[in-house]
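Chains, contacts and geometry: an overview
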Amino acid sequence: MKLWWPQCETMIAARAAYILYKDEKYKKLYEDKIKKKKKYFIDKEHGEWYGYLHYDNTVSTDLKGNIFKGPFHVPRLYIIMSIIDEYENK
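This text gives an overview of the structure that appears in the document. Just so it is clear, the structure is predicted and the values come from calculations on it, not from any experiment. (Residues numbered from 1 in each chain as written. Predicted model: local features only at pLDDT ≥ 70, side-chain atom pairs only at ≥ 80, totals over all residues. Heavy atoms only, no water.)

Observations regarding unusual backbone geometry
- Although it is not a glycine, Lys22 adopts a positive phi angle of roughly 55 degrees.
- You can see Lys22 is positioned in the loop between α1 (4–21) and α2 (24–41).
- For Lys22, a relative accessible area of 54% corresponds to the exposed category.
- Positive phi outside glycine occurs at Asn57, with the angle close to 75 degrees.
- Relative to the helices and strands, Asn57 resides in the loop between β2 (52–53) and β3 (59–61). (Helix = DSSP H or I, 4+ residues; strand = E, 2+ residues; numbered from the N terminus. Buried < 20%, exposed > 50% of the residue type's maximum accessible area, 1.4 Å probe, protein only.)

Spelled out as structure tokens, the structure:
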């Protein structure tokens with residue numbers, strides 16, 4: 001299974017690693033995760049992220065929230081990305 005929260009945390013870590021080390025592999029990892037997030041995790045019709053994908057990227061369940069998937073990782077990702085964007089644009 002592919003879960004939403006490791007995807008979020010990987011994007012944060014990859015972008016931070018690129019800023020710190022300037023190694024293109026981290027930039028590539030971050031960009032790859034963005035593409036996959038947009039293609040598979042985001043519900044284009046109703047918004048929000050699917051929480052669970054099968055290993056082949058098909059949606060396991062269309063629930064957007066449950067006792068495990070609450071409003072933490074996705075908003076945190078977007079907040080941190082906006083902070084990094086602001087930092088990089090200075």
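Quick word on the packing of α1 against α2
- Between α1 and α2, whose axes approach to 8 Å, the crossing angle comes to 155 degrees. Here α1 is positioned roughly antiparallel relative to α2, judged by the angle of their axes. Along this stretch, α1 crosses α2, giving a crossing that reads as left-handed. Contacts between α1 and α2 involve Trp4, Gln7, Thr10, Met11, Ala14, Arg15, Ala17, Tyr18 and Tyr21 from the first element and Glu24, Tyr26, Lys27, Leu29, Tyr30, Lys33, Ile34, Lys37 and Phe41 from the second.
- When the residues that make up the contact of α1 with α2 are grouped by side-chain class, the tally is 11 nonpolar, 2 polar and 5 charged. (Axes fitted to C-alpha atoms, helices over the stretch in contact; angles between N-to-C directions. Parallel < 35°, antiparallel > 145°, perpendicular 65-115°, else oblique. Left-handed = near helix turned anticlockwise from the far one by under 90°. Contact = heavy atoms within 4.5 Å. Nonpolar A, V, L, I, M, F, W, Y, C, P; charged D, E, K, R; others polar.)

A closer look at the environment of Arg15
- In this structure, Arg15 sits in helix α1.
- By relative accessible area, Arg15 is classed as buried at 9%.
- In the structure, Arg15 is positioned 13 residues away from Lys28 in sequence and 9.4 Å away in space, judged by C-alpha atoms.
- Here Arg15 is in contact with Tyr30, Met81, Ile84, Asp85 and Glu88, once residues within four sequence places are set aside.

Description of helix α3 (residues 73–88)
- Between its terminal C-alpha atoms α3 stretches 22 Å, which fits the 22 Å expected from 16 residues at 1.5 Å a residue.
- Along α3, the residues that are buried comprise His73, Val74, Leu77, Met81 and Ile84. Buried positions in α3, seen along its axis, are confined to an arc of 95 degrees and lie on one side of it. Away from its buried face by more than 90 degrees, α3 exposes Ile83, Glu86 and Tyr87.
- Considering only its buried residues, α3 is in contact with α1 and α2. (Expected span 1.5 Å × (residues − 1). Arc of directions from axis to C-beta.)

Quick look at the environment of Tyr40
- Mapped onto the secondary structure, Tyr40 falls in helix α2.
- Taking relative accessible area as the criterion, Tyr40 reaches 24% and is therefore assigned partly exposed.
- In this view, Tyr40 contacts Tyr50, Leu53 and Asn57; residues no more than four positions away in its chain are not counted.

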